[in-house]
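# Structural overview for review
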Amino acid sequence: MTSSRKARLVILISGRGSNMQAFIEACKTGQIDADIALVLSNSPDAAGLATAAAAGIATTSIDHRRYESRKDFDAALVSTLQKYQPDLVILAGFMRILTPVFITPFAGKLLNIHPSLLPKYPGLNTHRRALEAGDREAGVTVHYVTQELDGGPPIIQARVPIEQGDSPETLATRVIVQEHIIYPIAAKWQLQGRLQLDEQGATLDGKRIPATGIDYVQGIE
Ligand code: GRF
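Residues numbered from 1 in each chain as written. Predicted model: local features only at pLDDT ≥ 70, side-chain atom pairs only at ≥ 80, totals over all residues. Heavy atoms only, no water.

All right, on to the UniProt feature "site: Raises pKa of active site His" (unreviewed entry) in the chain then. Mapped onto this structure's residue numbering, the UniProt feature "site: Raises pKa of active site His" (unreviewed entry) falls at Asp150. By the secondary structure assignment, Asp150 is in the loop between strand S6 (137–144) and strand S7 (154–161). Given the relative accessible area of 14%, Asp150 is considered buried. One polar contact links Asp150 to His114, side chain to side chain, over a distance of 3.4 Å. (UniProt positions renumbered as here; feature names shortened; annotations may be inferred. Helix = DSSP H or I, 4+ residues; strand = E, 2+ residues; numbered from the N terminus. Buried < 20%, exposed > 50% of the residue type's maximum accessible area, 1.4 Å probe, protein only. Polar contact = N/O pair within 3.5 Å; in protein donor to acceptor, adjacent residues only side chain to side chain.)

Attention now moves to the site of the ligand. As a matter of local geometry, the ligand sits amid Arg16, Gly17, Ser18, Asn19, Gly93, Ile113, Pro115, Ile176 and Glu179. Within the backbone of Gly17, an N or O atom sits 2.8 Å from an oxygen atom of the ligand. Isolated, the ligand exposes 370 Å² of accessible area, and the fraction of that covered by the protein chains is 85%. Elements that contribute at least two residues to the shell around the ligand include exactly helix H1 (18–29) and helix H6 (168–191). Its residues assigned to classes, the shell around the ligand comprises three nonpolar, four polar and two charged. (Near = heavy atom within 4 Å. Areas by Shrake-Rupley, 256 points an atom, 1.4 Å probe, with all protein chains shown as cover. Nonpolar A, V, L, I, M, F, W, Y, C, P; charged D, E, K, R; others polar.)

Looking now at the nonpolar core. Of all hydrophobic cores here, the largest spans 48 residues; its most connected members are Ile11, Phe23, Ile36, Val39, Ile90, Ile155 and Ile156. When residues in this core are grouped by element, the largest group, nine residues, is from H6. Apart from residues no more than four positions distant in its own chain, Val39 is found in contact with Ile11, Ile13, Met20, Leu49, Ala52, Ile57, Ala58, Thr59 and Thr60. In this structure, Leu40, Ile62, Val78 and Leu81 belong to the second largest nonpolar core, which totals 20 residues. (Core = buried A, V, L, I, M, F, W, Y, C linked by side-chain atoms within 4.5 Å. Contact = heavy atoms within 4.5 Å.)

For H1, which comprises twelve residues, the first-to-last C-alpha distance of 17 Å matches the rise-based estimate of 16 Å (1.5 Å per residue) to within 8%. Its buried side turned inward, H1 meets strand S1 (7–13), strand S2 (34–41), helix H2 (47–54), strand S4 (88–91), strand S5 (110–114) and H6. Two residues or fewer past H1, Gly30 is found with a positive phi of approximately 90°. (Expected span 1.5 Å × (residues − 1).)

Here the focus is the domain arrangement of the chain. Assigned domains within the chain: domain 1 (1–106) and domain 2 (113–221). For domain 1 versus domain 2, the separation of C-alpha centres amounts to 20 Å. Counting from both sides, the interface comprises 22 residues of domain 1 and, opposite them, 16 residues of domain 2. Buried area between domain 1 and domain 2, summed over both chains or domains, comes out near 1500 Å², and the portion from carbon and sulfur atoms is 72%. At the boundary of domain 1 with domain 2, the tally comes to three residue pairs in polar contact (both at pLDDT 80 or more). If you list the elements that add at least two residues to the side of domain 1 that touches domain 2, you get S1, H1, S4 and helix H4 (100–103). If one sorts the elements of the side of domain 1 that touches domain 2 by residue count, H1 sits on top with five residues. (Domains from an automatic or database assignment. Buried area = accessible area lost by both parts, 1.4 Å probe.)

The next thing to look at is the pairing of S4. Of the two faces of S4, the one carrying Leu88 and Ile90 and the one carrying Val89 and Leu91 are both buried. The pairing of S1 with S4 spans four bridges and is classified as parallel. Directly across from Ile11, in S4, lies its bridge partner Ile90. (Pairing = 2+ DSSP bridges.)

Let us now look at the UniProt feature "binding site: (6R)-10-formyltetrahydrofolate" (unreviewed entry) in the chain. Within this structure's numbering, the places UniProt gives as "binding site: (6R)-10-formyltetrahydrofolate" (unreviewed entry) are Arg70, Met95, Arg96, Ile97, Leu98 and Asn112. Inspection of the secondary structure assignment puts Arg70 in helix H3 (residues 70–84). Residues in contact with Arg70, not counting those within four places in the same chain, are Arg96, Ile97 and Thr99. Note that Met95 resides in the loop between S4 and H4. Not counting residues within four places of it along the chain, the set of residues in contact with Met95 comprises Ser14 and Leu124.

With that settled, consider the pattern of salt bridges. Inspection of every chain in the model, using the stated rule, returns eleven salt bridges. Put simply, Arg65 and Asp63 hold a salt bridge, and the shortest N to O gap is 2.9 Å. Put simply, Glu137, Arg159 and Asp215 are held in one network by salt bridges that share partners. (Salt bridge = Lys/Arg side-chain N within 4 Å of Asp/Glu carboxyl O.)

To continue, consider the packing of H1 against H2. One way to put it is that H1 packs onto H2 with a least axis distance of 9 Å and a crossing angle of 15°. The orientation of H1 relative to H2 falls into the category roughly parallel. In the packing of H1 onto H2, the handedness of the crossing is right-handed. Contacts from Met20, Gln21 and Ile24 of H1 reach H2 at Gly48, Thr51 and Ala52. (Axes fitted to C-alpha atoms, helices over the stretch in contact; angles between N-to-C directions. Parallel < 35°, antiparallel > 145°, perpendicular 65-115°, else oblique. Left-handed = near helix turned anticlockwise from the far one by under 90°.)

Printed below as a string of C-alpha cells:
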C-alpha cells in the first residue's frame, strides 16, 4: 500500500450483513481509515447487498450455484476481487468454504469472524452447541483465514455470559453486539500494519498473540 491512496476493503457476505454494516459505520466515523471498495455476495438475494448499495457502495454477486466446483467459484471470486486491489478482505457471514485458490492470493490479508470461542465449535450451530455442552460462557473470534476451516490464528475474542433460559437466538443476540465491536478493531490493527501472520500464528505490535486471541476488554483499540 502506498501512502498516496486510502486503504481498500472488500467485504464478502451471504446474508443480512450486520457485520458489514459495522464496517460501513467504522469507515464513516473514521475509526477505520479505509474505503469499502466492494461488497460481494454469493447469494444474489442477500439483504446486505441492498444495505451496502443504499450506502453508496459498489455491490456484486457471484452465484456459487453457477460453478461446477468450489475451485471454479473461487477463481471467479479472485478475478473479481483483484480488480479492486483490496488491502484487506473481510469475510462477514460468508457461508462458503473457500479453497486455496482463493485463500492463497489473499493470505495474510484475509479475516473471518466466527461466533464461538475458537478453538471451540468450528463450523455451524455454534450457539446451540455451546448451550448443549452446558458452557457458562460463549463468544466470538476474529481470526486470520488459513486453509483449516475456522482454524486460522485467532486475533481477538470477546466473551459473553450464558444466562439461564438462553436459547441459541437469545445468545446470538448477545454475541452479535460484541461481533460489531471487535471486528472493526481487528481490521484497524491490520490496516495499521500492527498485525502479522507468520508460521507460528499471529502477532500484534511484534508480540505473539495467545492461541485463543487477545481478550477483548472495553477500551482496547
Ligand atoms: C455472524 O454471526 C458471524 O459471526 C457469522 O455469520 C453471522 C453473520 O451475520 N460468521 P451478519 O450477516 O454479519 O449479520
